[in-house]
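# Geometric and topological summary
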Amino acid sequence: MKEKMVLYFPPTVTEQPFIYYLIKDFNLLVNILKADINPRMEGRLVVEIGGEKADFAAGLDFLQGRGVKAFPLEQEIIWVEERCTQCGACTVICPAGALHLDRVTMQISFSGDKCVVCEHCIKACPSRAMEARF
Amino acid sequence: MVKKTIEEINAKIKAGKAVVVTAEELIPMVKEQGVAETAQNVDVVTTGTFGPMCSSGAFFNLGHPKPRIKMAKVLLNGVEAYTGVAAVDVYLGATQIPETDPANKNFPGEFNYGGGHVLEDLVKGKEVLLEATAYGTDCYPRKKLEKMIRLDELPQAILFNPRNAYQNYNVAVNLSDRTLYTYMGILKPNLGNANYSSAGQLSPLFNDPYYRVTGPGTKIFLGGGVGFVSWNGTQHNPGAPRDAHGVPTAPAGTLAVIGDLKQMSPRWLRGVSFLGYGVSLMVGLGVPIPVIDEDMIRCAAVSDSEIFAPVVDYSESYPQGLGEVLTTVSYAELRSGEINVNGKKVPAAPLSSYYGARQIAQILKEWIMDGKFLLTAPAFNIPLAGGISDYQGLVFSDSDPARGCHNA
């Protein structure tokens, strides 16, 4: 299984190498999509965690036992197609390749699967066709 | 040698017999059939462009209230319009931002609303808040007016854009180590991306590089309605360097255009926001090119691989006005999504919608094929480099050798 999660770290634990434990002790694949970690302050990580279902559950138990709150990623980015002018300005801003310009049709497509919810596109889109929803 | 007059072409359009193709469709036709045969077969080539064009705006007559007012300050949804004309006439510019906008005080500013958005709201049929104040005169005693207005209630609304349809434009890159927020979009540091803004082979003036059939009085597609070229645009620079085919390799000619805003569509007039820069208006514009001779076909058959744009550093060269060009790249390379600058592969993104440009050329083609859009000749030609200006009233002449599209 594979799931996008948001991990909140209280200030007391931000200096512990949780990702290392998840990989080494629980045999999980961890892909960091977005990180906001500051020493001795609250931190937030958006990660994609993949692996066996049992390992996944054990890994989350481990995190929660150490005071890390874990939630499934519910925020998503929406492409409002009728506002899109099909210009393409977003395609060099999106770091995940979720916004794509087809070179034949010259039309934009958005794949939510690839989106890492970094929100860069929201303000980069001149016609404001990208929106964040919770 | 093929020679056709605009009258002959119009007669064919009226009879439903005109052959109309888009500038994109023309390219393979000329490759297969050659210039002479294509010039014989095709009567009109349609072009299109749909991109942010800052020098845009509209004149409004807001109607006389009772008692009358000579408006000194006017806000439309909080965006100021220029009132230094007659009593209830104003001009709203596309890049005007509301007085309450924090602009770049909290850098980079978001610029979510401005003149371009007011124009879009009006053509959408939305109500817009008009606030006017005045000093009061004997003939115009009222000092204040506040009401909701809709486009269809206004006596006149005339889109008048002093500079549209730039013939070529810079490709913007960033050589510095910080992100830049420009009218060419967000430019990531150290050549992180290259932004460009032209429809290339579909763009009107690339297909009529010497302005032989595009000039004051040329009927065009403008914002979804019918408009006209009114003059050359501001910053018109016909003397920009050109290649052997006559195609400018730097920003060159521009068009001033005019049309009835009431006919236009929010699909082709769109308010846009550039982070850290400001607001603008995306304008949809298409020019029909009558095939008056073989040279016209030769010019209009230009393809993206034959059109080159200068790559300019927007961290230093552009803002300081140094005029340095890093390299030139073709629109074919740009449209592939990647260009090479200083030996580095740089992802390229358009600000101008090629998809929109293609649709405009298609729509204009359909209008002409349906017989509802006849062509007009320019009243006179806009200037070429070297003082070949036809402002004196010289009527378009197809024997003018300076305007030939010299093919190598």
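Everything numeric here is computed off the predicted structure, so don't read it as measured data. Along each chain, numbering runs from 1 in the same order as the chain's sequence is written. Chain labels run from A onward and ligand labels from 1 onward, assigned in the order the entries are written. Local features are withheld for residues below a pLDDT of 70 in this predicted model, meaning they are given only at 70 or higher, and side-chain atom pairs are given and counted only at 80 or more; totals for whole chains, interfaces and linings count all residues. The side-chain values count all of the structure's non-hydrogen atoms but skip hydrogen atoms and water molecules.

## Observations regarding the sheet that holds strand S8 (residues 128-133) of chain B
Residue and element names in this part refer to chain B. Definition in use: Here, strands pair whenever DSSP counts at least two bridges between them. Helix and strand labels come from DSSP, where a helix needs a run of H or I of at least four residues and a strand needs a run of E of at least two; each type is numbered from the N terminus. To obtain an axis, a line is fitted to C-alpha atoms, over the contacting stretch when the element is a helix, and the angle between two such axes runs from 0 to 180 degrees between their N-to-C directions.
The four strands lie next to each other as S6-S5-S8-S9, forming an open sheet whose pairing is antiparallel. At either end of the open sheet lies a strand with only one pairing partner, and these are strand S6 (79-81) and strand S9 (144-149). Between one strand axis and the next, the sheet turns by 25° as a mean value, whatever way the strands run. Of the strand pairs in this sheet, strand S5 (residues 73-76) and S8 are connected by four bridges, and their pairing is antiparallel. Looking across to S8, one finds that Leu-76 is bridged to Leu-130.

## Some words on the domain arrangement of chain A
For clarity, the threshold we go by: Boundary definitions for the domains trace back to an automatic or database domain assignment.
Under the domain assignment, chain A is made up of domain 1 (2-72) and domain 2 (76-133). The distance between the C-alpha centroids of domain 1 of chain A and domain 2 of chain A comes to 28 Å.

## Describing the interface of chain A and chain B
Going by this rule: Residues are treated as being in contact if the distance between any of their heavy atoms lies within 4.5 Å. Buried area counts how much accessible surface, traced with a 1.4 Å probe, disappears from two parts once they are put together, with both parts' losses summed. The rule for a salt bridge is simple: a side-chain nitrogen of Lys or Arg has to be within 4 Å of a carboxyl oxygen of Asp or Glu. Gly falls in the polar group here, along with every residue not listed as nonpolar (Ala, Val, Leu, Ile, Met, Phe, Trp, Tyr, Cys, Pro) or charged (Asp, Glu, Lys, Arg).
With 23 residues of chain A at the interface, the matching set in chain B holds 31 residues. Of the roughly 2000 Å² buried at the junction of chain A and chain B (both faces included), carbon and sulfur atoms supply 54%. Where chain A touches chain B, the interface holds two salt bridges. A:Lys123 is paired through a salt bridge with B:Glu110; the nearest N and O atoms lie 3.3 Å apart. Of the residues belonging to the side of chain A that touches chain B, the class tally is 11 nonpolar, seven polar and five charged.

## Some points on the domain arrangement of chain B
Residues and elements named next belong to chain B. Here chain B is described as being made up of domain 1 (6-53 + 160-390) and domain 2 (58-103 + 123-158). Between domain 1 and domain 2, the C-alpha centre-to-centre distance is 33 Å. With 14 residues of domain 1 in contact, the opposing surface of domain 2 contributes 16 residues. Taking both partners together, domain 1 and domain 2 bury about 1100 Å²; carbon and sulfur atoms supply 68% of that area.

## A closer look at the packing of aromatic side chains
How two aromatic rings sit relative to each other is set out by the distance from centre to centre and by the angle between their planes. All names here are of chain A. Threshold: Only the six-membered ring of Trp is used, alongside the rings of Phe and Tyr, when aromatic pairs are assigned; centres must lie within 6.5 Å, and planes under 30 degrees apart are stacked while those over 60 apart are edge-to-face, with the rest tilted. By the criterion adopted, a ring carries a charge over it if an Arg CZ or a Lys NZ lies within 6 Å of its centre and within 35 degrees of its normal.
For the structure shown, the criterion picks out 22 aromatic pairs over all chains. The rings of Phe-9, Phe-18, Tyr-20, Tyr-21, Phe-26 and Phe-62 are connected pair by pair, giving a single aromatic cluster. Over the face of the ring belonging to Tyr-21 we find Arg-66, whose NZ or CZ atom lies 5.8 Å from the ring centre.

## Observations regarding unusual backbone geometry
Residue and element names in this part refer to chain B. Omega for the peptide link from Lys-66 to Pro-67 comes to -10°, which places this bond in the cis form. Residue position: Pro-67 is located in the loop between strand S4 (57-61) and S5. The backbone of Asn-77 shows a phi angle near 50°, a positive value even though the residue is not glycine. Note on placement: Asn-77 falls in the loop between S5 and S6.

## Brief notes about the nonpolar core
For clarity, the cut-off: For this analysis, a nonpolar core means a set of buried residues of the types Ala, Val, Leu, Ile, Met, Phe, Trp, Tyr and Cys, connected via side-chain atoms within 4.5 Å. Think of it in three bands: with a 1.4 Å probe and only protein chains considered, a residue is buried below 20% of the maximum accessible area for its type, exposed above 50%, and partly exposed in between.
Counting 77 residues, the largest nonpolar core has A:Met130, B:Leu26, B:Val45, B:Ile297, B:Tyr314, B:Ile368 and B:Leu375 as the members making the most contacts within it. Here the element with the most residues in this core is helix H9 (residues 354-369) of chain B; it accounts for eight residues. Those residues within four positions of B:Val45 in sequence are excluded, and the remaining contacts are B:Val21, B:Thr22, B:Ala23, B:Leu26, B:Val287, B:Pro288, B:Ile289, B:Val291, B:Ile297 and B:Ala300. Counting residues in each nonpolar core, the second largest holds 50 residues, with B:Val88, B:Ala157, B:Ala165 and B:Leu285 among its members.

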